[in-house]
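Below are the chains, spelled out letter by letter.
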Amino acid sequence: MPVLRLDKLISECGLASRKEIKQMIKSGRVAVDGIVAAAPEQKVDPAISLVTLDGEAVCYKKFHYYMMNKPEGVLSATDDGKQKTVLDLVTPEMRKLGLFPVGRLDKDTTGLLLLTDDGEFAHKVISPKSEIVKTYHAWTEGAVNSSDVAAFADGLVLADGTKCLPAELKPVDDGSCLVMVMEGKYHQVKRMLASRGKPVQRLKRLSIGALKLDSSLKPGEYRELTENELCSVLKKI
Ligand code: URA
């Protein structure tokens, strides 16, 4: 692990701003290996030293992983000159971590969105080669039928000739359906259902791999993933 400035190490935990952390250090609330730290610029190797804030261990993490319940009307982007993005919903401290959304949900799509600063992880989640299943709940104009299910299983060809990998379609009793895909082409689920004459009215992502959206998160809320949840993202289901 890299040797870091003490204030940088604490700020990368997303706990507080660099300015606030400097103040915490000055007021003697931070210790390194039991010795009260005097200087924000003190170098610390997080693999060797124990850093505490008010006596509680500060766990340095190289990368960060969050799940958000993406609300409608917000872009899955880091920044946009005009429109609100998912990064506008997180704290300024979290914004400084350099998080970005793992793949994209459309502006009107809701549900499970991962935010991370780990590019390799994001690539694995998105790449169809990893065969990670993304599950969506879709409400369509007209209910899907068994021939739609068979067409999804065969691999659809979209109106513009784009070939889709075989996907699973499961009708739900109330007339909506579940769609399980391993790829994330532009407007993929909407275009797949539209190609069967079932335009999507509402779309929500429920899971990625074995990771389900935490149902206690209200639209716009987010939280850090646990270690187990992080592993479950890359699990094939
Ligand atoms: N497929 C879509 O059509 N839209 C999304 O937001 C996600 C998958």
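Notes on the structure in this doc start here.

1. Topic: the side chain of threonine 162
Its location among the elements puts threonine 162 in the loop between helix H5 (146–154) and strand E11 (168–171). In this structure the side chain of threonine 162 is engaged in a polar contact, spanning 2.6 Å, whose partner is the side chain of aspartate 160.

2. Focus: the pairing of strand E13 (residues 200–208)
In terms of strand pairing, strand E9 (residues 110–116) meets E13 through two bridges, oriented parallel. Note that in E13 the partner of glycine 111 across the bridge is arginine 205. For strand E10 (residues 134–140) and E13, the ladder comprises seven bridges, and the chain directions are antiparallel. Within the sheet, the bridge partner assigned to tryptophan 139 lies in E13 and is arginine 202. Where E13 meets strand E14 (residues 211–212), two bridges bridge the pair, whose relative direction is antiparallel. Bridged to serine 207 within E14 is lysine 212. Taking the residues that link successive antiparallel strands as the turn, the E13-E14 hairpin has two residues, and the phi of glycine 209 there is positive, at about 60°.

3. Here's the deal with the site of the ligand
What surrounds the ligand is the set Leu105, Asp106, Thr109, Tyr136, His187, Gln188, Val189, Lys190 and Leu203. For the ligand, an oxygen atom lies 2.8 Å from a polar atom in the side chain of threonine 109. At 3.0 Å from an oxygen atom of the ligand is found a main-chain nitrogen or oxygen belonging to lysine 190. Protein coverage of the free-state accessible area of the ligand, which is 240 Å², stands at 95%. Looking at the shell around the ligand, the element that brings in the most residues is helix H6 (residues 188–195), giving three residues. For the shell around the ligand, the class distribution of residues is four nonpolar, three polar and two charged.

4. Overview of unusual backbone geometry
Positive phi, close to 50°, is recorded for aspartate 33, a residue that is not glycine. Relative to the elements of secondary structure, aspartate 33 occurs in the loop between strand E2 (30–32) and strand E3 (35–36). Residue aspartate 54 is not a glycine yet carries a positive backbone phi of 55°. Along the chain, aspartate 54 falls in the loop between strand E5 (51–53) and strand E6 (56–57). The class for aspartate 54 is partly exposed, based on a relative accessible area of 46%.

5. Notes on the side chain of histidine 64
Topologically, histidine 64 is positioned in the loop between E6 and strand E7 (65–70). Beyond its immediate sequence surroundings of up to four residues, histidine 64 is in contact with Glu12, Cys13, Leu97, Leu99, Leu115, Thr116 and Asp117.

6. As for the sheet that holds E5
Read across the open sheet, the four strands follow the order E3-E2-E5-E6; overall the sheet is antiparallel. Among the strands making up the open sheet, the edge pair consists of E3 and E6.

Conventions used here
Residues numbered from 1 in each chain as written. Predicted model: local features only at pLDDT ≥ 70, side-chain atom pairs only at ≥ 80, totals over all residues. Heavy atoms only, no water. Helix = DSSP H or I, 4+ residues; strand = E, 2+ residues; numbered from the N terminus. Polar contact = N/O pair within 3.5 Å; in protein donor to acceptor, adjacent residues only side chain to side chain. Pairing = 2+ DSSP bridges. Near = heavy atom within 4 Å. Areas by Shrake-Rupley, 256 points an atom, 1.4 Å probe, with all protein chains shown as cover. Nonpolar A, V, L, I, M, F, W, Y, C, P; charged D, E, K, R; others polar. Buried < 20%, exposed > 50% of the residue type's maximum accessible area, 1.4 Å probe, protein only. Contact = heavy atoms within 4.5 Å.

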